[in-house]
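Residues per chain, in single letters:
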Amino acid sequence: MDQLFVNADAAALSPIGLFLQADWVVKLVMLGLLLASIWTWAIIIGFGMRLRRTVAQSEQYERDFWKATDVDRFYERNGQDDVPIARILDAGLKEWRRSTAAKKVDAEGVRSRLATLMASASAAEIDQLSGRLNVLATVGSVAPFVGLFGTVWGIMRSFTAIAAEQNSSLAVVAPGIAEALFATAIGLFAAIPAVIAYNRFSHGLNRLEARLLRFADKFHATLSRELDGEA
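In this text, all values refer to a predicted model and were calculated from it rather than measured experimentally.

Notes on the overall build of the chain
When helices and strands are counted, the chain shows eight helices and zero strands. Helices and strands appear in the chain in the N-to-C order α-α-α-α-α-α-α-α. Residue burial in the chain is summarised as follows: out of 231 residues, 37% are buried. Pairs at least 24 apart in sequence give 77% of the contacts found in the chain among residues at least 6 apart. Taken as a whole, the chain presents about 13,600 Å² of accessible surface, with 62% of it coming from carbon and sulfur.

Below, the structure written as structure tokens:
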């Protein structure tokens, strides 16, 4: 008989048991945090694969570009590729062709416009890539407090049970405290991966942005030398 009670108590304190016996408010908190955790992991997996693919494609595209002997021919073949560096190249060459088509070329003005346009293209690529990171930042900062709300609500329920039963034994307060702590655990389960992934992806985006800006600077220097040659 004692073993039967032990097994029943263990089942009640399992994750499913804690959820089923929780107050409806705590259930909503738990469900919301679980959905946030699923959404977070979907973003982590999808964004991680996308970032790795983008970095690899950008590195390969940059190597191929600097190996090319004819920039115009390379642009005709690869200028419309779906790679961030390709769009920077496209922005730079289009501005170069528009600016040098005039009879009188303002070299300093051309240099200034090239630098501005390629820097703007780099920033646009990073902004476009980082669009989903705000979700990770939000989950990482908000989920612990949502879990804490469930914790406070569960402890309040425990005190209410003590007042109703006129009994402060562990059997009375344990369910409420257990579900409260479980809500906290789910909040941390959602927040910790989100914070780690956000920091990791931010570092990866910073490195990618540095690569794009270095390419823009090198290409700007190449076009600047062309301007000096024409002058």
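From this point on, the discussion continues.
Quick word on the packing of helix H5 (residues 84-100) against helix H6 (residues 107-129)
At a minimum axis separation of 9 Å, H5 and H6 run at an interaxial angle of 155°. Classified by the angle their axes make, H5 and H6 are roughly antiparallel. For the element pair H5 and H6, the recorded crossing hand is right-handed. On the side of H5, the interface is formed by Pro84, Arg87, Ile88, Ala91, Gly92, Glu95, Trp96, Arg98 and Ser99, while H6 contributes Val110, Arg113, Leu114, Leu117, Met118, Ala121, Ser122 and Glu125. The residue inventory of the contact of H5 with H6, partitioned by class, reads nine nonpolar, three polar and five charged.

Looking at a positive patch on the surface
On the surface, a cluster of positive charge is made up of Arg200, Arg207, Arg214 and Lys218. When you line up the elements, Arg207 lands in helix H8 (residues 170-230).

Conventions we followed
- Residues numbered from 1 in each chain as written.
- Predicted model: local features only at pLDDT ≥ 70, side-chain atom pairs only at ≥ 80, totals over all residues.
- Heavy atoms only, no water.
- Helix = DSSP H or I, 4+ residues; strand = E, 2+ residues; numbered from the N terminus.
- Buried < 20%, exposed > 50% of the residue type's maximum accessible area, 1.4 Å probe, protein only.
- Contact = heavy atoms within 4.5 Å.
- Areas by Shrake-Rupley, 256 points an atom, 1.4 Å probe, with all protein chains shown as cover.
- Axes fitted to C-alpha atoms, helices over the stretch in contact; angles between N-to-C directions.
- Parallel < 35°, antiparallel > 145°, perpendicular 65-115°, else oblique.
- Left-handed = near helix turned anticlockwise from the far one by under 90°.
- Nonpolar A, V, L, I, M, F, W, Y, C, P; charged D, E, K, R; others polar.
- Patch = residues over 30% accessible without salt bridge, like charges linked within 9 Å, V, L, I, M, F, W, Y side chains within 5 Å.
- Salt bridge = Lys/Arg side-chain N within 4 Å of Asp/Glu carboxyl O.
- Lys, Arg positive; Asp, Glu negative; His and termini not counted.
- Charge placed at Lys NZ, Arg CZ, Asp CG, Glu CD.

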